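Here is what each chain is made of, one letter per residue.
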Amino acid sequence: MKKNQFNKDVDALYEAILELKNIDECRAFFQDLCTYQELNAMAQRLHVAKMLYTHHVFTDIVAETGASTATISRVNRSIKNGEEGYRAVFERMGIHGEE
């Protein structure tokens, strides 16, 4: 897929997500869109991010989530050097962590 088309498709996905009105619509959409493994991987990364954001250590995160240290490291890099997406979501959810 060409980069320009990819960007349009990704933006269309984001726009579709923003149209969802409640958790039931969101659940139905993501269950239609994603495989069980894809959905589970995203949910696990969010769980890992929440634990990192609230200052849990790697060993506790591995024990609670079953995530690999590679996944935890990748999520940690996103929290520290990413686009601030996790921070925005956690702040809106009332989850306090960093600094």
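Note that the structure is a prediction, hence the values are computed from the model and not measured.

### Some remarks on the overall build of the chain
Stage number 1. Check the secondary structure of the chain and you find 6 helices and 0 strands.
Stage number 2. Along the chain, helices (α) and strands (β) appear in the sequence α-α-α-α-α-α when read from the amino end.
Stage number 3. Viewed in the frame of its principal axes, the chain has a C-alpha envelope of about 40 × 30 × 25 Å.
Stage number 4. With 99 residues in all, the chain has 18% of them scored as buried.
Stage number 5. A sequence separation of at least 24 residues applies to 41% of the contacts in the chain between residues at least 6 apart.

### Things to note about the nonpolar core
The tendency in soluble globular proteins is for nonpolar side chains to be buried side by side.
Stage number 1. Of all hydrophobic cores here, the largest spans 12 residues; its members are Val48, Ala49, Met51, Leu52, Tyr53, Ile61, Ala67, Ile72, Val75, Ile79, Phe90 and Ile95.
Stage number 2. Broken down by secondary-structure element, the contributors of at least two residues to this core are helix H3 (36-53) and helix H5 (69-81).
Stage number 3. Sort the elements by how many residues they give to this core and H3 lands first, with 5 residues.
Stage number 4. Those residues within four positions of isoleucine 61 in sequence are excluded, and the remaining contacts are Val48, Met51, Leu52, His56, Gly66 and Ile72.

### What to know about a nonpolar patch on the surface
Stage number 1. On the surface, a cluster of nonpolar side chains totalling about 280 Å² of accessible area is made up of Leu13, Tyr14 and Leu33.
Stage number 2. Secondary-structure assignment places leucine 13 in helix H1 (residues 3-18).

### Here we look at the pattern of salt bridges
Stage number 1. Taken as a whole and assessed by the stated rule, the structure comprises 2 salt bridges.
Stage number 2. Note that aspartate 24 is salt-bridged to arginine 27, the shortest N-O span being 2.9 Å. A residue pair is termed a helical-turn pair when its members lie 3 or 4 positions apart in one helix, as aspartate 24 and arginine 27 do in helix H2 (residues 23-33) at 3 residues.
Stage number 3. Residue class for arginine 27 comes out partly exposed when judged on its relative accessible area of 40%.
Stage number 4. Close ionic contact of glutamate 84 with arginine 87 constitutes a salt bridge, the shortest N to O distance being 2.6 Å.
Stage number 5. Given a relative accessible area of 24%, arginine 87 falls into the partly exposed group.

Procedures and definitions
Residues numbered from 1 in each chain as written. Predicted model: local features only at pLDDT ≥ 70, side-chain atom pairs only at ≥ 80, totals over all residues. Heavy atoms only, no water. Helix = DSSP H or I, 4+ residues; strand = E, 2+ residues; numbered from the N terminus. Buried < 20%, exposed > 50% of the residue type's maximum accessible area, 1.4 Å probe, protein only. Contact = heavy atoms within 4.5 Å. Core = buried A, V, L, I, M, F, W, Y, C linked by side-chain atoms within 4.5 Å. Patch = residues over 30% accessible without salt bridge, like charges linked within 9 Å, V, L, I, M, F, W, Y side chains within 5 Å. Areas by Shrake-Rupley, 256 points an atom, 1.4 Å probe, with all protein chains shown as cover. Salt bridge = Lys/Arg side-chain N within 4 Å of Asp/Glu carboxyl O.

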